[in-house]
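Single-letter residue listing:
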Amino acid sequence: MLSQIKHNFEQLIALYEAEKTENEKLRLELQQCKEAGENLRKRTLELESEIETRKLAEAFTGGGDHVAAREKIDKLVREIDKCIALLEQ
């Protein structure tokens, strides 16, 4: 009887150790998934920002000419700077 209890106790410890190892593996996997999710969220925000920038550029050009759009934006910024300078006088 005592040997049976000892055998059962050893099996219980072995099962506990196996579950403990599995738990640690799952914790690590969960942490990796959280990090991957955060990286994907950041990348999504970057891409959304890039889309908005491209939409703005297309709005100024009416097409895909980014150089011309940049020139228009620079021209508008210069005009705004001139207006601010006049207001400050």
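The shown structure was predicted, so the numbers you read here are calculated from the model rather than taken from an experiment.

Thoughts on the overall build of the chain
In step 1: For the chain, the count of helices and strands is two helices and zero strands.
In step 2: Put simply, the chain has 89 residues, and 2% of those count as buried.
In step 3: Total accessible area on the chain stands at roughly 8300 Å², and carbon and sulfur atoms take up 60% of it.

Concerning the pattern of salt bridges
In step 1: Applying the stated rule across the entire model yields three salt bridges.
In step 2: Note that Glu46 is salt-bridged to Arg43, the shortest N-O span being 3.4 Å. Pair noted here: Glu46 and Arg43 are both in helix 1 (residues 2-61), with a separation of three residues, about one helical turn.
In step 3: Residue class for Glu46 comes out partly exposed when judged on its relative accessible area of 47%.
In step 4: Judged by relative accessible area, Arg43 falls into the partly exposed class, the value being 44%.
In step 5: For Glu50, the salt bridge identified is with Arg54, shortest N-O distance 2.9 Å. In this pair, Glu50 and Arg54 are both assigned in helix 1, four residues apart and thus about one turn of the helix distant.
In step 6: Its relative accessible area of 44% is what places Arg54 among the partly exposed residues.

Quick word on a nonpolar patch on the surface
In step 1: Nonpolar side chains collect at one region of the surface, where Met1, Leu2 and Ile5 lie side by side and expose about 410 Å² of accessible area between them.
In step 2: Within the fold, Met1 resides in the segment before helix 1.

How each quantity is defined
Residues numbered from 1 in each chain as written. Predicted model: local features only at pLDDT ≥ 70, side-chain atom pairs only at ≥ 80, totals over all residues. Heavy atoms only, no water. Helix = DSSP H or I, 4+ residues; strand = E, 2+ residues; numbered from the N terminus. Buried < 20%, exposed > 50% of the residue type's maximum accessible area, 1.4 Å probe, protein only. Areas by Shrake-Rupley, 256 points an atom, 1.4 Å probe, with all protein chains shown as cover. Salt bridge = Lys/Arg side-chain N within 4 Å of Asp/Glu carboxyl O. Patch = residues over 30% accessible without salt bridge, like charges linked within 9 Å, V, L, I, M, F, W, Y side chains within 5 Å.

Treat this as a map of the structure, not an account of what it does.
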